[in-house]
Amino acid sequence: MPSVQRMVGSSHEAMHRIFQEDLTLITRALRKLLDIPFPEPETISPVSPDLTEIKPLERRVDTLLRLDMNDGSGYLLAIEAQGKKDPNKPSSWASYLAHLYAKYRLPPVLVVVCQDKATATWAAEPIRIGIPGQPSLTVRPLVRGPHNVPAIFNVEAAARDIPLAAFSALTHGKDPDTAAILETLAAALKTVDDDTATLFSEFTGIGLGNTPAGQIWRDLMTSYASFFRSPFAEEVREEAREEGRAEGRAEARAEGRAEAEAKARAARAEERAQLVLKILDRRGIEVPAYMRQAISGCQDLDVLGGWLDRALTVTTAGELFADA
């Protein structure tokens, strides 16, 4: 099977891709969390985040959304997930905004989401380009971080807005109260439909990654295993089963272990492929029979992971294979 290049790391991915799953989340977050009277858009639609020109210069924002208003006006929301301070980012952000305004003739708004206060404080600093006192260009990102995103401890509140609750949990992944926040989210996911629980349990697990908070989430998924059917939850269940089997197979042959691991990988690949198809079907995207067969028959977890990411934003099934 052809391979698909993963463009960003998994934790980085989840911090901004959550806005692609629920396109209205970012405007709700700006109004609820920043108390900004952001106008209500008539429509919100994904825009290709690829800002590359014919010249060998690549610009790629993490997530780009177009908001069209009833009065004919509109905005572009450029969402960046920032895990640490990066001295190269200010110039990149200025370049993104200038290029977006020149290309689409719509006011671009830069939103930066962070998982720690130090990075958020750094990202919120105005970027002034020009002479002191009268810059030619000033960039003021709207920054979301643990210092200004409320932690959600109420299950009913979390269940009313699952995407916002998941975003809050990711943002507070390094807090001392992380366990209670994640327990609230896990309990809220039990109250919604299977597809929503699957998607946002997956987002949360990927976003927290290999961290202490990620391990807490994996433990919760083990406890709630009967309620979630996502590939992430299946991996957690498989790991738990593997640990139990390991105690009784110390003398097993290496060939037997390899065969068991191969079967487990095949099962994860099959479930991940089905999730790709389910997301496409749920978004109303037609998948030709030969593409459906190619997706169902793929055994490469990395390729399937790339397709799973793309399935949330593509407009045609063929775009899954665009970079093959």
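Refer to the structure printed above.
Given the structure is predicted, the values throughout are model-derived calculations rather than measurements. (Residues numbered from 1 in each chain as written. Predicted model: local features only at pLDDT ≥ 70, side-chain atom pairs only at ≥ 80, totals over all residues. Heavy atoms only, no water.)

### Some words on the packing of helix α7 (residues 178–189) against helix α8 (residues 194–208)
Where we set the bar: Here an axis means a line fitted to C-alpha atoms, over the contact stretch when the element is a helix, while the angle between two N-to-C directions is reported on a 0 to 180 degree scale. Numbering of helices and strands runs from the N terminus; a helix is a DSSP stretch of H or I covering at least four residues, while a strand is a stretch of E covering at least two. Here the angle decides the label: under 35 degrees means roughly parallel, over 145 means roughly antiparallel, 65 to 115 means roughly perpendicular, and every other value means oblique. Handedness of a crossing is defined here by the sense of rotation of the near helix relative to the far one, left-handed for an anticlockwise turn of less than a right angle and right-handed for a clockwise turn. Residue contacts are defined here by distance: any two heavy atoms, one from each residue, within 4.5 Å place the two residues in contact. Classification used: nonpolar for Ala, Val, Leu, Ile, Met, Phe, Trp, Tyr, Cys and Pro, charged for Asp, Glu, Lys and Arg, polar for all others including Gly.
As a packed pair, α7 and α8 sit with axes 10 Å apart at the nearest point and diverge in direction by 160°. Overall, the two elements α7 and α8 adopt an arrangement that is roughly antiparallel. Relative to α8, the crossing made by α7 is left-handed. Each of L182, L185 and L189 in α7 lies in contact with α8, whose residues at this interface are A197, F200, S201, T204 and L208. Grouping the amino acids of the contact of α7 with α8 by side-chain chemistry returns six nonpolar, two polar and no charged.

### Overview of the environment of E80
So the rule is basically this: Residues adjacent in sequence count toward polar contacts only when both atoms are side-chain atoms; beyond that, a polar contact is any pair of N or O atoms within 3.5 Å, and within protein one must be able to donate a hydrogen and the other to accept it.
Tracing the chain through its elements places E80 in strand β3 (residues 74–82). C-alpha separation for the pair E80 and V61, spaced 19 residues apart in sequence, amounts to 6.6 Å. For E80, the contacting residues outside a window of four places in its chain are R60, V61, D62, K89, W93, Y96, L110, V111, V112 and V113. For E80, the side chain forms a polar contact with the side chain of W93, separated by 3.1 Å.

### Focus: the sheet that holds strand β7 (residues 142–144)
Here is the rule we go by: A strand pair is defined by DSSP finding two or more bridges across the two strands.
Taken together, the five strands give an open sheet; going across it, the order is β1-β2-β3-β4-β7, and neighbouring strands pair in mixed fashion. At either margin of the open sheet sits one strand with a lone partner, and together these are β1 (43–46) and β7. For this sheet, the mean inter-axis angle between neighbouring strands, taken without regard to orientation, is 25°. Strand direction decides the pairing type here: β3 and strand β4 (residues 108–114), joined by seven bridges, are parallel. Looking at the pairing, L77 lines up with V109 of β4.

### Some details on empty space enclosed by the protein
Where empty space is left can be seen by rolling a probe of water-molecule size over the atoms. Rules: Space inside and on the surface of the protein is sampled on a 1 Å grid over the protein atoms alone, with a cavity defined as a set of points where a 1.4 Å probe fits but cannot get out and a pocket as an open set with protein on both sides within 12 Å along at least 5 of 7 lines; lining residues have an atom within 4 Å of a point. Grid points are joined across faces, edges and corners, and a volume is the space filled by probe spheres set on the points.
Counted according to the given criterion, the structure contains three cavities of 30 Å³ or more. Secondary-structure elements contributing two or more residues to the lining of the largest cavity are α1 (10–21), α8, α11 (254–282) and α13 (301–311). A class-by-class count of the residues in the lining of the largest cavity yields eight nonpolar, one polar and four charged. If you go around the second largest cavity, the residues you meet are D195, T198, L199, L275, K278, I279 and R282. Elements that contribute at least two residues to the lining of the second largest cavity include exactly α8 and α11. At four residues, the largest contribution of residues to the lining of the second largest cavity is made by α11.

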